[in-house]
Structures are given as C-alpha cells and as structure tokens.
Amino acid sequence: MISAKKKAVFRFLLLQLMLTFFVSLGIFYIVNGLYGYSFLLGGLTSILPNVYMAWRVFGHKRILPAKEVVKSFYRGEAGKLVLTVLLLSLVFILVKPLAAGSFFAGFSLAILSHWLSPAVIR
C-alpha cells in the first residue's frame, strides 16, 4: 500500500514538472523567451520543495514506526519551507531580467496543480 502511494506521489510530481515545462515552452514560443523562462523558474520554485518533501516522507527503504513517520513529515515540511524561501530569494537576487508576473503565474500554477492530485493519486 505504501509503495503504491509512493509511486503515485512521484508520478504526480513528474506530472507537475511536465505541465510546468510544456506551458513554459508554449509561453516561450508564443509570447517571449523572458516570460517563458520566468514562468519555468516560478514553477520550479514551487515544485522542487515538493520533491524534497516527498523524498523526506517516502524516501525510506523500510517501514518506519509511526513516531519516525511523524518526524519525517515535520522535517520535510520545515525543509520545504526553508527551500521555498531560499529559492525565491535566489531567483529574485540572481535572475535579471525577470518577468515577475510570469514568475508568479508559474509558481501559482504549480501550487494550484495540487487540485489534480486526487485524479492521479488513488
């Protein structure tokens, strides 16, 4: 059961990556390269912390006691928060030029794509 959930979670993360990549590719070709890579960076800023969280929770080879599972959730969520702040800071400090509206659209799409998760994770 846990193995099936693990596969479904990582399949959903792959779906998020593909959705973000293909939408940003469309924006890149239809609108402008600046908006395309800004959208992609926004999506990745949201998705990469989710990958970390999934790895912390489901990355174990063995079955953990309930206390350890709870610890891994707390560590994963704390790490996800720190990683999100770090990635947001790095993008706004290091990436010039950046289309902020497109960046936050990508960030928002990645967050809102969690509504698709019940269809993917069964």
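Just so we're clear, the structure is a prediction, and the values are computed from it rather than from any experiment.

1. Some words on a nonpolar patch on the surface
A surface patch of nonpolar side chains, amounting to about 1100 Å² of accessible area, comprises Leu14, Leu17, Met18, Phe21, Phe22, Leu25, Phe28, Tyr29, Ile30, Val31 and Tyr35. For the nonpolar patch, the element with the highest residue contribution is helix H1 (residues 2-30), accounting for nine residues. Along the chain, tyrosine 35 turns up in helix H2 (residues 33-58).

2. Concerning helix H3 (residues 66-94)
If you check H3, its first and last C-alpha atoms are 41 Å apart, about what 29 residues at 1.5 Å a residue would give, namely 42 Å. Ser72, Gly76, Gly79, Thr84, Leu87 and Val91 are the residues of H3 that are buried. At its buried positions, H3 is contacted by H2 and helix H4 (100-112).

3. Looking at the packing of aromatic side chains
Scanning all chains against the criterion turns up six aromatic pairs. Here phenylalanine 28 and tyrosine 29 contribute two aromatic rings whose centre-to-centre distance is 5.4 Å and whose plane-to-plane angle is 90 degrees, an arrangement assigned as edge-to-face. The exposure class assigned to phenylalanine 28 is partly exposed, which follows from its relative accessible area of 39%. Overall, tyrosine 29 belongs to the exposed group, its relative accessible area being 64%. With a centroid separation of 5.1 Å and an interplanar angle of 70 degrees, the aromatic rings of phenylalanine 92 and phenylalanine 103 are classed as edge-to-face. Placement of phenylalanine 92 in helix H3 and of phenylalanine 103 in helix H4 is noted, with a sequence separation of eleven residues between them. Under the relative-accessibility criterion, phenylalanine 103 is labelled buried at 0%. Grouped by ring-pair contacts, the aromatic residues Phe92, Phe103 and Phe104 constitute a single cluster.

The rules we used
Residues numbered from 1 in each chain as written. Predicted model: local features only at pLDDT ≥ 70, side-chain atom pairs only at ≥ 80, totals over all residues. Heavy atoms only, no water. Patch = residues over 30% accessible without salt bridge, like charges linked within 9 Å, V, L, I, M, F, W, Y side chains within 5 Å. Areas by Shrake-Rupley, 256 points an atom, 1.4 Å probe, with all protein chains shown as cover. Salt bridge = Lys/Arg side-chain N within 4 Å of Asp/Glu carboxyl O. Helix = DSSP H or I, 4+ residues; strand = E, 2+ residues; numbered from the N terminus. Expected span 1.5 Å × (residues − 1). Buried < 20%, exposed > 50% of the residue type's maximum accessible area, 1.4 Å probe, protein only. Contact = heavy atoms within 4.5 Å. Phe/Tyr/Trp six-rings, centres within 6.5 Å; stacked < 30°, edge-to-face > 60°.

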